[in-house]
Number of protein chains: 2
Amino acid sequence: MSGQQEKPPEQSADGQVPKAVVSRLSLYLRELQRLLRDGHETISSTQLGKMLGFTDAQVRKDLAYFGQFGYPGIGYRCPELVAKIKEILGTNHAWPLAIVGLGNLGRALLGYRGFTHQGFRVAAAFDVDAAKVGRQFEGIPVYHLDQVGEIIPQLQIRLAIIAVPAPAAQKVADAVVSAGVDGILNFAPVTITVPKHVQLEAVDLAIELEQLSFAVVNKLSRGE
Amino acid sequence: MSGQQEKPPEQSADGQVPKAVVSRLSLYLRELQRLLRDGHETISSTQLGKMLGFTDAQVRKDLAYFGQFGYPGIGYRCPELVAKIKEILGTNHAWPLAIVGLGNLGRALLGYRGFTHQGFRVAAAFDVDAAKVGRQFEGIPVYHLDQVGEIIPQLQIRLAIIAVPAPAAQKVADAVVSAGVDGILNFAPVTITVPKHVQLEAVDLAIELEQLSFAVVNKLSRGE
DNA sequence: TAGATTGTTAATCGATTAACAATC
DNA sequence: TAGATTGTTAATCGATTAACAATC
């Protein structure tokens, strides 16, 4: 694209990439993978944006944070862009995951096929229930929570999913952080705190419904 | 607070409330409910903000979209603010929900205690599997998907949770919309489209992990 | 070449923060 | 009264969109 390569095109963007951009990147990836399955070779920013409700300018700007992936007059090549986005997100190699808490939600996550398809692999599960420890669920071994310090480094697990009841969540977070994880996805409906070097993402299912409730009672009209 | 009431203080905010504000409102509610359980009477915007990593100004501004709930020199009264936020979110009365799709995730959601505690109640479940239809899970009756048109109006269900495989999600959405639901929470990892008068919220579990993966590989330092 | 589409700059829009008079 | 804290305005910051030269 630009004649000679001068400065390496923003190798891995360092902290100035808005979170919303990364979030849309995941959506682009999902659509692109579907397009790829459907046999599409290329796609324009206008088409991709329309599928997701974004402007063409936004699609191009988002991608431009990470380099020049498009071809003027053509668009983006689907296979190439899929590979690029996976590389940016860090999901080009499968991450081993730990799941802590094997209640209804934890077991559902443990068997969730979507993870496997997107570059994640549940490597270990933890609980405190003696009836579960030592067994396997969906082929995944269940360890006692006390074993996180041993198992997590051993399996080189860097990401943990917390699916325990709210009152236990902070203690579990402390334990997995001590064990060396770098990122936590928290499903417990409580605010937890972790050291700054640890990444934290939270999903609260009741909150998602509250957003919906608000939108419905206020009859918000979406789009324009 | 302000001497004589002049214009009714922004009754129910109409469309100009940013989505991010509503999202934080849910977080405030969750913290306030915890504070209430712990016996706190009042809380200042500074304290509440600190708990969630927001500025005091943001807390006050967010709440001010909906009225004047605070007391200068005192702060906010926890029980009062909890009631107000529930009213704003529309969760002061329990919404009956439908869950479509009783795979691992659907069944986990069906038994999720968090919903009950936040003003939601699963009233019906739907699936296409003859082995599930007619039974009950967690005390909730399971109907065939073909019965949505009949059951949803009958139980006055306005919100539906979609937890079916991606290829089925759009058809299910169409069906529940025809049945009259006003809002959909979609867990299928695919973009679905609905008429503008229907509210749509999406949770993609793999995308949440991708956000985490990006943050970890780019060693983002959170906060300042 | 003509048509399509990118990457990027500048303009616009919106959201967050700082500051402070009003209030308890 | 002095101290604390709100609600709100103005200033700042950041993100989205429009526009267009460059490119295939």
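Shown above is the structure to which this text applies.
Scoring rules and cut-offs
Residues numbered from 1 in each chain as written. Chains lettered and ligands numbered in written order. Predicted model: local features only at pLDDT ≥ 70, side-chain atom pairs only at ≥ 80, totals over all residues. Heavy atoms only, no water. Near = heavy atom within 4 Å. Polar contact = N/O pair within 3.5 Å; in protein donor to acceptor, adjacent residues only side chain to side chain. Helix = DSSP H or I, 4+ residues; strand = E, 2+ residues; numbered from the N terminus. Contact = heavy atoms within 4.5 Å. Buried area = accessible area lost by both parts, 1.4 Å probe. Salt bridge = Lys/Arg side-chain N within 4 Å of Asp/Glu carboxyl O. Nonpolar A, V, L, I, M, F, W, Y, C, P; charged D, E, K, R; others polar. Buried < 20%, exposed > 50% of the residue type's maximum accessible area, 1.4 Å probe, protein only. Expected span 1.5 Å × (residues − 1). Axes fitted to C-alpha atoms, helices over the stretch in contact; angles between N-to-C directions. Parallel < 35°, antiparallel > 145°, perpendicular 65-115°, else oblique.

Engineer: Please explain the protein's contact with DNA strand C as it appears in this structure.
Structural biologist: The full set close to DNA strand C counts 22 residues, and Ser45, Arg60, Gln68, Gly70 and Tyr76 of chain A are the nearest of them. Counting only atoms of DNA strand C within 4 Å of the protein, the sugar-phosphate share comes to 66%. In the model, a phosphate oxygen of DNA strand C is placed 3.1 Å from a nitrogen or oxygen of the Phe69 of chain A main chain. Residue Thr55 of chain B places a side-chain N or O atom 3.2 Å away from a phosphate oxygen belonging to DNA strand C. Elements supplying a minimum of two residues to the surface near DNA strand C: helix H3 (56-64) of chain A together with helix H3 (56-64) of chain B. The dominant element in the surface near DNA strand C, judged by the number of residues it contributes, is H3 of chain B, at 4 residues.

Engineer: Where do I start with the interface of chain B and chain A in this structure?
Structural biologist: It is common to give the size of an interface as the accessible area that goes away when the parts come together. Facing the 72 residues of chain B at the interface are 72 residues of chain A. Where chain B abuts chain A, roughly 6,000 Å² becomes buried across the two surfaces, and 63% of that area is made up of carbon and sulfur atoms. Summed over the shared surface of chain B and chain A, the number is 2 salt bridges. Here Asp204 of chain B and Arg30 of chain A are joined by a salt bridge, their closest N and O atoms 2.7 Å apart. Sorting elements by how many residues they give to the side of chain B that touches chain A places helix H9 (residues 205-217) of chain B first, with 13 residues. In terms of residue class, the side of chain B that touches chain A is made up of 41 nonpolar, 17 polar and 14 charged.

Engineer: Is there a simple way to explain unusual backbone geometry in this structure?
Structural biologist: Negative phi characterises most residues that are not glycine, and trans characterises most peptide bonds. Even without being a glycine, Gln156 of chain A presents a positive backbone phi close to 55°. As for its position among the elements, Gln156 of chain A is in the loop between helix H7 (148-154) and strand S7 (159-162). Located in the positive-phi region is Glu138 of chain B, a residue other than glycine, with phi close to 55°. Here Glu138 of chain B lies in the loop between strand S5 (136-137) and strand S6 (140-144). Note on Glu138 of chain B: relative accessible area 56%, which makes it exposed.

Engineer: Can you help me understand the protein's contact with DNA strand D in this one?
Structural biologist: In the neighbourhood of DNA strand D, 22 residues make up the surrounding shell, with Ser45, Arg60, Gln68, Gly70 and Tyr76 of chain B lying closest. The share of sugar and phosphate among atoms of DNA strand D within 4 Å of the protein is 65%. Here a phosphate oxygen of DNA strand D and a side-chain polar atom of Arg24 of chain A are 3.1 Å apart. At 3.2 Å from a sugar or linking oxygen of DNA strand D is found a main-chain nitrogen or oxygen belonging to Gly73 of chain B. Going through the elements one at a time, H3 of chain A together with H3 of chain B are the ones with two or more residues in the surface near DNA strand D. Residue contributions to the surface near DNA strand D peak at 4 residues, all from H3 of chain A. Of the residues in the surface near DNA strand D, the class split is 8 nonpolar, 9 polar and 5 charged.

Engineer: I tried to follow helix H8 (residues 166-178) of chain A on my own but got confused; where do I start?
Structural biologist: At 3.6 residues per turn, the α-helix brings residues three or four places apart onto the same side. Residue and element names in this part refer to chain A. End to end, H8 covers 19 Å across 13 residues, agreeing with the expected 18 Å (1.5 Å per residue, within 8%). Among all positions of H8, only Ala169, Val172, Ala173, Val176 and Val177 are buried. Buried residues belonging to H8 abut strand S3 (95-100), H7, S7 and strand S8 (183-186). Taken from the residues just after H8, Gly180 is the one with a positive phi, measuring 110°.

Engineer: Before we go on, may I ask you to explain the packing of helix H1 (residues 19-37) of chain A against helix H2 (residues 45-52) of chain A in this structure?
Structural biologist: Think of two packed helices as two axes; the pair is described by the angle between the axes and how far apart they sit. Residue and element names in this part refer to chain A. Closest axis-to-axis distance for the H1/H2 pair is 10 Å, and the angle between their directions is 110°. Comparing their axes, H2 and H1 come out roughly perpendicular. Contacts from Leu27, Tyr28, Glu31, Arg34 and Leu35 of H1 reach H2 at Leu48, Met51 and Leu52. Of the residues in the contact of H1 with H2, the class split is 6 nonpolar, no polar and 2 charged.

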